[in-house]
Amino acid sequence: MLMDVTTPMKRLGLASRLVFLIFMSGLFAGFLLIPATGGAADSARIALSSAERAWLTAHPDLTFCYTDAFPPGLYLDKNRQPVGYVPDLFRLLGERLGTSVRIRVLPWHQAVAEAKARRCAGLAMVRKLDVWREDFLFSDKVGSNYLFIYARSDQAAPAHQLSALHGKRVAYLKGEAMSQDLLAKHSQISGRPHDQVEGAIAALMSGQVEAIIGSMGVELERRKSSNLGYKLTAQIIESKADTVIAVRKDWPELVALLNKALGDLSEAQQLALSRRWYGDFTMDATARIGLTDAEKSWLAQGQTVRVRISDWPPYMFTKPMPSGIAIDYLDLIARHLGFRVEYVSDTSSWTAAVEDVRGKRQHYDLLLTMSRTPRREQEFALTGDYLTSPWVVFARKGSPFISGPEGLAGKTVAVEKGYAIAERLQSDFPAIRMLEVNRSADALQAVATGQADAYVGNLTVGSYLVREQQLDNLMVVAPTPFGNHSNAMAVRSDWPELAALIDKGFAALSAEERNAIARKWGSVEFEPPVNYTLVLWVVMIGGLILLVVLYWNWTLRIERTRTQRYLEESIHAKRVAEAASGAAETARNAAVVANRAKSTFLANMSHEIRTPMNGILGMVHLLRRDGLTPKQRERLDKIAMSTQHLLSVINNILDISKIEAGKLDLEEAPLTVDHLLSNVSSILAERVRAKNIQLTISSDPLPPHLLGDPTRLQQALLNYASNAVKFTDTGSVKLHISKQEETADAVTVRFEVRDTGIGIAPDALPRLFSAFEQADNSMTRKYGGTGLGLAITRRLAELMGGAAGVESTPGRGSTFWFTARLRKGAGVTIAQAAPGEDVEALLQQRLAGRRTLVVDDEFLNREIARTLLEDIGLLVDTAEDGENAVVMARQTAYAAILMDIQMPNANGLEATQQIRDLPAHRQTPIIAMTANAFAEDKTRCLAAGMNDVLVKPFEPVMLFETLLKWLPQPSLQPTI
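This structure is a prediction, so every number in the text was calculated from the model and none was measured.

Rules of the game
- All residue numbers refer to positions counted from 1 along the written sequence of the respective chain.
- Totals for whole chains, interfaces and linings use every residue, but because this is a predicted model, local features are given only for residues with pLDDT of at least 70 and side-chain atom pairs only at 80 or more, for both listing and counting.
- As a rule here, side-chain values come from all non-hydrogen atoms in the structure, and water together with hydrogens is ignored.
- Note on definitions: angles span 0 to 180 degrees between N-to-C directions of axes, and those axes are lines fitted to C-alpha atoms, for helices only across the stretch in contact.
- Here a helix means four or more residues in a row that DSSP labels H or I, a strand means two or more in a row labelled E, and each is numbered from the N terminus.
- Angular relationships are summarised with four words: roughly parallel below 35 degrees, roughly antiparallel beyond 145, roughly perpendicular across 65 to 115, and oblique for the angles in between.
- Crossings are assigned a handedness: left-handed for a near helix turned anticlockwise from the far helix by less than a right angle, right-handed for a clockwise turn.
- Contacts were defined at the residue level, with two residues in contact if any of their heavy atoms lie within 4.5 Å.
- Confidence per residue, as judged by the predictor, is encoded in pLDDT with a range of 0 to 100.
- When DSSP locates at least two bridges between a pair of strands, those strands are taken to pair.
- Note on definitions: salt bridges are taken to be side-chain nitrogens of Lys or Arg within 4 Å of carboxyl oxygens of Asp or Glu.
- Here the term buried applies to any residue with accessible area under 20% of the maximum for its type, exposed to any over 50%, and partly exposed to those in between, with areas from a 1.4 Å probe on protein chains only.
- Side-chain atoms within 4.5 Å link the members of a nonpolar core, which is a set of buried Ala, Val, Leu, Ile, Met, Phe, Trp, Tyr and Cys residues.
- Summarising the geometry, the arc corresponds to the directions from the helix axis toward the C-beta atoms.
- Residues adjacent in sequence count toward polar contacts only when both atoms are side-chain atoms; beyond that, a polar contact is any pair of N or O atoms within 3.5 Å, and within protein one must be able to donate a hydrogen and the other to accept it.
- Any pair of Phe, Tyr and Trp rings, taking the six-membered ring for Trp, is counted once the centres come within 6.5 Å. Such a pair is stacked with planes under 30 degrees apart, edge-to-face with planes over 60 apart, and tilted for the rest.
- Placement of a charge over a ring requires the Lys NZ or Arg CZ to be within 6 Å of the ring centre, with the centre-to-atom vector within 35 degrees of the ring normal.
- Throughout, a disulfide means two cysteine sulfur atoms within 2.5 Å of one another.
- To estimate the expected span of a helix, count its residues, drop one, and scale the result by 1.5 Å.

Student: Kindly report on the packing of helix 2 (residues 50–58) against helix 8 (residues 252–264), identifying the contributing residues and their values.
Tutor: Two elements in contact, helix 2 and helix 8, have axes separated by 11 Å at closest approach and are oriented at 115°. The orientation of helix 2 relative to helix 8 falls into the category roughly perpendicular. Considering the relative orientation of helix 2 and helix 8, their crossing is left-handed. Judged by residue contacts, Glu52, Trp55 and Leu56 of helix 2 engage Glu253, Leu254, Leu257 and Lys260 from helix 8.

This is how it looks when you write it as structure tokens:
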């Protein structure tokens, strides 16, 4: 049986997809839930490269084999047509690829045989097991499957866990490998195989077995036949298995296409699809959660719970219908447990509502949000806290500095009447004047209009209302000592069973259900346009990075102080008495340990910071390729500038730490002074134009072939030149390179930067080249910076056999210089673009149509690299770990492989070593893409067989230049 699951679809813009990818990376969900924007209809077709479209045209019959034995994944309706989760999923994938996808329904053993014989494209859905790897390639993860326990409805004590089935007879389906594997691990269970679901159910109902272990298909059969004689009693958590699409091994192109289509499905679409076929199958809540007799009795009474609601977004909304985070939670729990809820909009005050639930109960039985106090715990049946957000101070922009509630003495503070925070403020800060209002929105309006000086409230609620009501003159100005605003549900005191039921309902919610609510109301809380979302995202990242850098700097200072103390103590002990030599050795050992700990910390921080930075820079580059308005392009430029600034701070701290630890190793590679000067000029060009100053560059004749570290030379020269541009408002900046000394095998070169800027006071010159020092360290300093650039330049110069210095006159300018000893070498030619040549165009001309492999466990990094390479005409496959990369390399002769290092299953070093053992890839360029920035990391990469290393984050042009360096130019065929 064949089923066509494809329809036409609209094109989704690249910018919207990329912003959605940023949202999916989820790195900062603890701070802010940022929504995807610019959504698309389900029928949106993804953009394909010309090579991908050509492959699909050449393979018009994409038929996957599957079976109807595993409902609701797939089963046949009354017209014998396939329906279920799998057909719907493949319909969505086909729509995105713009081609015809078909499913061939066979008995499972026949479906497997046909797929292995490559008489179909593969198996539509399998567990990701090693048993399939010999014959198939795997797509990215599609979902997860579980097994369940089913028992007769009249059983006195049905099994709620596997251990309860030990020594009992249990039915299972022969074709379900999940069940077979599980029973193999639990040999105490007597498994009884059955060919069909109906046979297993018949065995259960006749008493031949005590339970069934199976998938949701058993429950589906019960509902289809209205058989109430058995029920689902437990979900087997340990049976969880990821599911993938298995594709024939000679079609890696199809794997890449399916991954592209899967990646384009939003989480909302995936969740809706899963809920459609699996979400309604809920087990008996009393069995799943384990309720007491009193709780079961309360449920049996069929009570309707009257719930008071008001407008307190995003926790509660009354219009156009009851909704919000708190309401969604209660709805989900009520649906699982089977009690009814009636939402009643509050027409009175919060205080009146509290009094009603406390004793009268004329209108309400439950309050959705209540802060916990000892008194309230006695007066209500409170659930556990389920909503948490910090208490903060909101005030008008431009208000006098407020450090917290203690700074509000004598001022008017708006608070919600009857809220616990009002009692705390009045008790702890009696000098504050209270302005009581009914709602949070009223409190913020009072501050915005000048009726109050500040508002102490919930950060989540306040931030939402500030955006919703466009109160642009308000901002969060200070934290409070009150910690978090935690809310429980308050139930009438004579219904403690309901409070306990809600707590158990919360505990039983799946991660998917919780995440769905978080995503839903995250997108309501923040609805900025595409570029504003990106800006906000970068600001969040920048803030986190700065916090990490501050912590990092503090840690380094402690380590340095500790090491210095140990050494001083040991030296002192040695001078006092010879017997103290043991103490000196102990101090040295402690210093080594401290240094090692610092190095480990630096390596971890480097990796964790550089990985998201790579995503930001990649996204900026890709978004610039879209059609942008001038305002959008200006915002992207600011993001790029801020990111580069953060990156320079990180690099400077890394460098100074590596220098102090003696871990900075210089490279010796061919370099040309002209290329060095050209790079510096290009980097500074925009800043020079913006300040309307003149930049001149000159160089004395130097030997043609020099060896040195071009990266570190450029860094040192750029440190000087950037400072010169920063401190020069009028006039010029001059870069000059001269020969200071020459021998038969080396030359000492002087690099000099002169400016006509503000100059430096004589008393500041001696400390300029010290770490963390600047000419102006005051709170009112005009110019930013970390005070590391000059210190790094001097130490780099010393490592290169030279020195560094400065001459300056206040008001007339400065001259900074450093020298470096460079060895002479033979002529070496490296493939690279000529100055000013378009590297992308050159790559496209030479290498278009060649296939590459991108290996990275971060989905965002894979997509960025894929898009960059496809845009220059390369064909791109992707793998999410080293293990898959090796499998794909066995099947395809790639022109180049871009390999991440830190990955699950097999890391990049292990994967490279295995790929190098393959005859087809002994000479293939393998380029590391890693966030590890230390020299020893590069050494390990090269030792494993890699050709080169790109340190994240890197500009796209660096990737293109590296590819150009290692990918040989195709030889031209002679014409006849």
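Student: Which residues make up the confidence of the model for the chain, and what values do they have?
Tutor: Mean pLDDT for the chain: 78, with 75% of residues reaching 70 or above. Low pLDDT (under 50) marks residues 523–535, which in the prediction has 27 contacts with non-local residues, meaning those over four places away or in another chain. Taken together, the stretch residues 828–836 has pLDDT below 50 and engages in 10 contacts with residues farther than four places along the chain or on a different chain.

Student: Before we move on, can you summarise the pairing of strand 20 (residues 474–491) with the specific residues and values?
Tutor: One ladder, built from three bridges, connects strand 14 (residues 366–370) with strand 20; its direction is antiparallel. In the sheet register, Met370 faces strand 20, and the bridge partner there is Ala488. Here strand 15 (residues 381–382) pairs with strand 20 via two bridges, running antiparallel. When the sheet's bridge partners are listed, Ala381 is paired in strand 20 with Val491. Bridge count for strand 16 (residues 387–396) against strand 20 is nine bridges, and the pairing is antiparallel. Residue pairing for strand 20: Thr388 is matched across the bridge by Ser486.

Student: Can you break down the pattern of salt bridges residue by residue, with the values?
Tutor: Scanning all chains against the criterion turns up 39 salt bridges. Ionic pairing is found between Asp250 and Arg248, a salt bridge with its closest N-O pair at 2.8 Å. Look at Asp250 and you get partly exposed, because its relative accessible area is 32%. Between Asp729 and Lys691 there is a salt bridge whose closest N-O contact spans 3.2 Å. One end of the pair, Asp729, is in the loop between helix 24 (710–726) and strand 24 (732–742); the other, Lys691, is in helix 23 (residues 673–691), with 38 residues separating them in the sequence. Take Lys691: its relative accessible area is 25%, and that puts it in the partly exposed class. Three or more residues joined by partner-sharing salt bridges are found here, namely Arg306, Arg361, Asp365, Arg492 and Asp494.

Student: Help me get a handle on the sheet that holds strand 31 (residues 926–930), residues and values and all.
Tutor: Strand pairing in a sheet relies on backbone hydrogen bonds, with the paired strands running either antiparallel or parallel. A sheet is described by the order of its strands in space; here five strands give the open sequence 29-28-30-31-32, paired in parallel fashion. With partners counted over all chains shown, the strands left at the sheet margins are strand 29 (875–879) and strand 32 (948–951), one partner each. Across this sheet, the average inter-strand angle for adjacent strands is 20°, counted without regard to direction. Alignment of strand 28 (residues 851–855) against strand 29, held across five bridges, turns out to be parallel. Within strand 29, the position partnered with Arg851 by the bridge is Leu875. Contacting strand 28 and strand 29, helix 28 (residues 882–891) runs over the sheet at an angle of about 135° to strand 29.

Student: Could you give an account of the pairing of strand 14, with specific residues and numbers?
Tutor: Counted residue by residue, strand 14 has five buried out of five residues, so it is predominantly covered. With two bridges connecting them, strand 12 (residues 304–309) and strand 14 associate as parallel partners. From the neighbouring strand, Arg308 faces strand 14, where its bridge partner is Leu367.

Student: Summarise the nonpolar core; cite the residues concerned and give the values.
Tutor: Core analysis: the biggest nonpolar cluster contains 82 residues, and Leu330, Phe339, Leu366, Leu368, Leu425, Leu498 and Ile502 have the highest contact counts within it. Among the elements that line this core, the one with the most residues is helix 12 (residues 325–337), at nine residues. Ile46, Tyr85, Leu97 and Leu137 belong to the second largest nonpolar core, which has 53 residues in total.

Student: Describe helix 29 (residues 908–916), with residues and values.
Tutor: Within helix 29 the residues assigned to the buried category are Gly908, Leu909, Ala911, Thr912, Ile915 and Arg916. The buried residues of helix 29 occupy an angular sector of 160° when projected down its axis, which confines them to one face. Its side-chain oxygen at 3.0 Å from the backbone nitrogen of Leu909, Asn907 defines the N-terminal cap of helix 29.

Student: Which residues make up the packing of aromatic side chains, and what values go with them?
Tutor: Counted according to the given criterion, the structure contains 20 aromatic pairs. Their ring planes at 75° and their centres at 5.7 Å tell us that Trp350 and Tyr419 sit as a pair that is edge-to-face. Remark: Tyr419 occurs in the loop between strand 17 (412–416) and helix 15 (420–428) and Trp350 occurs in helix 13 (residues 350–360); sequence separation between them is 69 residues. Exposure class is identical for Trp350 and Tyr419. Each is buried. Seen from their ring centres, Tyr386 and Phe506 are 5.0 Å apart, and the 35° between their planes marks the pair as tilted. Highlighted residues: Tyr386 in the loop between strand 15 and strand 16 and Phe506 in helix 18 (residues 496–508), separated in sequence by 120 residues. As far as the burial class goes, Tyr386 and Phe506 line up, both buried. Between Arg248 and the ring centre of Trp251, over which it is positioned, the NZ or CZ distance is 4.1 Å. The aromatic ring of Trp495 is capped on one face by Arg492, whose charged end is 4.2 Å from the ring centroid.

Student: Give a description of the state of the cysteines that names residues and reports values.
Tutor: Considering all chains together, one arrives at one disulfide under this definition. Each sulfur of the disulfide joining Cys65 and Cys120 lies 2.4 Å from the other. In this structure the cystine formed by Cys65 and Cys120 twists about its S-S bond by roughly -125°; its chirality is therefore left-handed. Separated by 55 residues along the polypeptide, Cys65 in strand 1 (residues 62–66) and Cys120 in the loop between helix 4 (108–116) and strand 5 (122–127) bring together distant segments of the chain. On the basis of relative accessible area, Cys65 is assigned to the buried category, the value being 0%.

Student: If you had to explain the environment of Ser348 to someone new, which residues and values would you point to?
Tutor: Inspection of the secondary structure assignment puts Ser348 in the loop between strand 13 (340–345) and helix 13. Judged by its relative accessible area of 42%, Ser348 is partly exposed.

Student: I'd love a proper account of unusual backbone geometry, names of residues and values included.
Tutor: A cis geometry characterises the amide bond from Pro313 onward to Pro314, with omega recorded as 0°. The topology assignment puts Pro314 in the loop between strand 12 and helix 12. You will see that Arg118, though not glycine, has its phi angle at about 60°, which is positive. With respect to the helices and strands, the residue Arg118 is situated in the loop between helix 4 and strand 5. With relative accessibility at 37%, the residue Arg118 sits in the partly exposed group. Positive phi outside glycine occurs at Arg361, with the angle close to 55°.

Student: Please set out the packing of helix 24 against helix 25 (residues 789–799) residue by residue, giving values where relevant.
Tutor: Contact geometry of helix 24 with helix 25 gives a least axis separation of 9 Å together with a crossing angle of 145°. Like other packed secondary-structure pairs, helix 24 and helix 25 cross with a definite hand, here left-handed. Within the contact between the two elements, helix 24 uses Arg712, Gln715, Ala716, Asn719, Tyr720 and Asn723 and helix 25 uses Gly789, Leu790, Ile792, Thr793 and Leu796.

Student: So what about the environment of Ala507? Which residues, and what values?
Tutor: With respect to the helices and strands, the residue Ala507 is situated in helix 18. A sequence separation of 174 residues divides Ala507 from Ile333, and the C-alpha atoms of the two residues are 9.9 Å apart.

Student: Explain helix 18 to me, using residue names and the numbers behind them.
Tutor: Between its terminal C-alpha atoms helix 18 stretches 19 Å, which fits the 18 Å expected from 13 residues at 1.5 Å a residue. Listing the buried residues of helix 18 in full gives Leu498, Ala499, Leu501, Ile502, Gly505 and Phe506. When helix 18 is viewed along its axis, its buried side chains cluster within an angular range of 160° and face the same direction.

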